[in-house]
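Coordinates in review
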Amino acid sequence: MSEPPGQCWNWTELEWPGDNGVPNRRPAPLYPEAMTAPQPEPQPSSVAASSAAPGHAEELHAPPVNPLVYQLVVTAMNLPRLLRGEYIHTLGHEHIPPPGSKLVVAGAHVSALDPFIIAKVMPGHHVQFMSKKELFKPIIGDIIKAGGSFPIDRSGNDVAAIRTALRILREHGSLGLFPEGTRGGGQMQGGVALIALRGRAPVLPVGLRRDGKRWLVRFGPVIEPKGSIKALTAQVGEEILRLSAPLDR
């Protein structure tokens, strides 16, 4: 679920997703003034559903999660860590909202295991991660989809992926994103803030770091979706950096 350095999302000319499956063709600047406050939450309607193209009605819903597959994947991906004697030290659990709350989980990206580490320490939540499309190959891709994750095309502005993310939030799911875009990318991208503002969902910042055999996962207080994309991106980034700082043993 990681990306090679040098590739990140471009949010400068994004077509807003429409609820009827058709993008609203209005280019959005990187920090549009229209995003200074949360937008009204889109509501599903029978009219929109009936106007969708035949065979595409199911796209009006968030990708489903198979709880059994989700748990099996999380357990299997954490097994090598356990065999190496590595353990997870979690702080800030009290900041995690209860399951059933719409939530954007924004974590530091330090390794390919990050999604599974985060999922492991959030029992009760089925965190649906936006993952690079290259992972969705036969068999492996089917397993990833069954776990609730969905692909994004990193070569451009993937409106379908943004639309899927917003539908997860609309159905009060937990959406997993990495603001840096790439492992150790350093610079925070605006996608997390854009989705949080558009979906009116709080952001749960997560710091990750590995010290020897210890994986440190720190949750911070949720950040409300308000202000501009630029301001919210900076706020989320500063909090993730703080939570990822070294901690005295």
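Residues numbered from 1 in each chain as written. Predicted model: local features only at pLDDT ≥ 70, side-chain atom pairs only at ≥ 80, totals over all residues. Heavy atoms only, no water.

Focus on the overall build of the chain
Across its full length, the chain holds seven helices and seven strands. For the chain, the succession of helices and strands along the chain, N to C, is α-α-β-β-α-β-α-β-α-β-α-β-β-α. Burial analysis of the chain (249 residues in total) assigns 49% to the buried set. Here the contacts in the chain between residues at least 6 apart in sequence split such that 73% fall between residues at least 24 apart. Roughly 11900 Å² of accessible area belongs to the chain as shown, and the carbon and sulfur atoms make up 59% of that amount. (Helix = DSSP H or I, 4+ residues; strand = E, 2+ residues; numbered from the N terminus. Buried < 20%, exposed > 50% of the residue type's maximum accessible area, 1.4 Å probe, protein only. Contact = heavy atoms within 4.5 Å. Areas by Shrake-Rupley, 256 points an atom, 1.4 Å probe, with all protein chains shown as cover.)

What to know about the packing of aromatic side chains
Enumeration over the complete set of coordinates arrives at one aromatic pair. For the pair F129 and F178, a centre-to-centre distance of 5.8 Å together with 15° between the ring planes defines the contact as stacked. Of this pair, F129 sits in strand β3 (residues 127-132) while F178 sits in the loop between β5 (174-177) and α6 (191-199), placing them 49 residues apart in sequence. Residue classification places F178 among the buried positions, given a relative accessible area of 6%. (Phe/Tyr/Trp six-rings, centres within 6.5 Å; stacked < 30°, edge-to-face > 60°.)

Quick look at α6
Counting buried positions over the nine residues of α6 gives nine, a clear majority of the element. Those residues of α6 that fall on the buried side of the exposure criterion are G191, V192, A193, L194, I195, A196, L197, R198 and G199. Check the buried side of α6 and you find it contacts β2 (103-107), β3, α5 (159-170), β5, β6 (203-211) and α7 (229-243). Backbone geometry just after α6 places R200 at a positive phi near 55°.

Let's talk about the sheet that holds strand β1 (residues 87-91)
Neighbouring strands of a sheet are bound in pairs by backbone hydrogen bonds; such pairs are parallel or else antiparallel. In space, the seven strands of this open sheet follow the order β1-β7-β6-β2-β5-β3-β4, with mixed pairing throughout. Among the strands making up the open sheet, the edge pair consists of β1 and β4 (150-152). When strand polarity is set aside, the average angle formed by the axes of neighbouring strands in this sheet is 25°. Note: β3 against β4, three bridges, orientation parallel. Counterpart to M130 in the pairing with β4 is F150. (Pairing = 2+ DSSP bridges. Axes fitted to C-alpha atoms, helices over the stretch in contact; angles between N-to-C directions.)

Side note on the packing of α5 against α6
Geometrically, a packed helix pair is captured by the angle between its two axes and the distance between the axes. At a closest axis distance of 10 Å, the pairing of α5 and α6 adopts a crossing angle of 50°. Taken together, the axes of α5 and α6 lie oblique to each other. With respect to the hand of their crossing, α5 and α6 are arranged in right-handed fashion. Contacts between α5 and α6 pair I162, A165, L166 and L169 from the former with L194, I195, R198 and G199 from the latter. Residue composition of the contact of α5 with α6, grouped by class: six nonpolar, one polar and one charged. (Parallel < 35°, antiparallel > 145°, perpendicular 65-115°, else oblique. Left-handed = near helix turned anticlockwise from the far one by under 90°. Nonpolar A, V, L, I, M, F, W, Y, C, P; charged D, E, K, R; others polar.)

Considerations on the pattern of salt bridges
For the coordinates displayed, the defined rule picks out five salt bridges. A salt bridge links R210 to E86, with the shortest nitrogen-to-oxygen separation between them at 2.4 Å. Residue R210 is found in strand β6, and its partner E86 is found in the loop between α2 (67-83) and β1; the two are separated by 124 residues along the sequence. Overall, R210 belongs to the partly exposed group, its relative accessible area being 44%. The shortest N-O distance in the salt bridge between R209 and D211 comes to 3.2 Å. The exposure class of R209 is partly exposed, given its relative accessible area of 23%. Among the residues examined, D211 registers a relative accessible area of 18% and is labelled buried. Look at the salt bridges and you will find they share partners, linking R84, E86 and R210 into a network. (Salt bridge = Lys/Arg side-chain N within 4 Å of Asp/Glu carboxyl O.)

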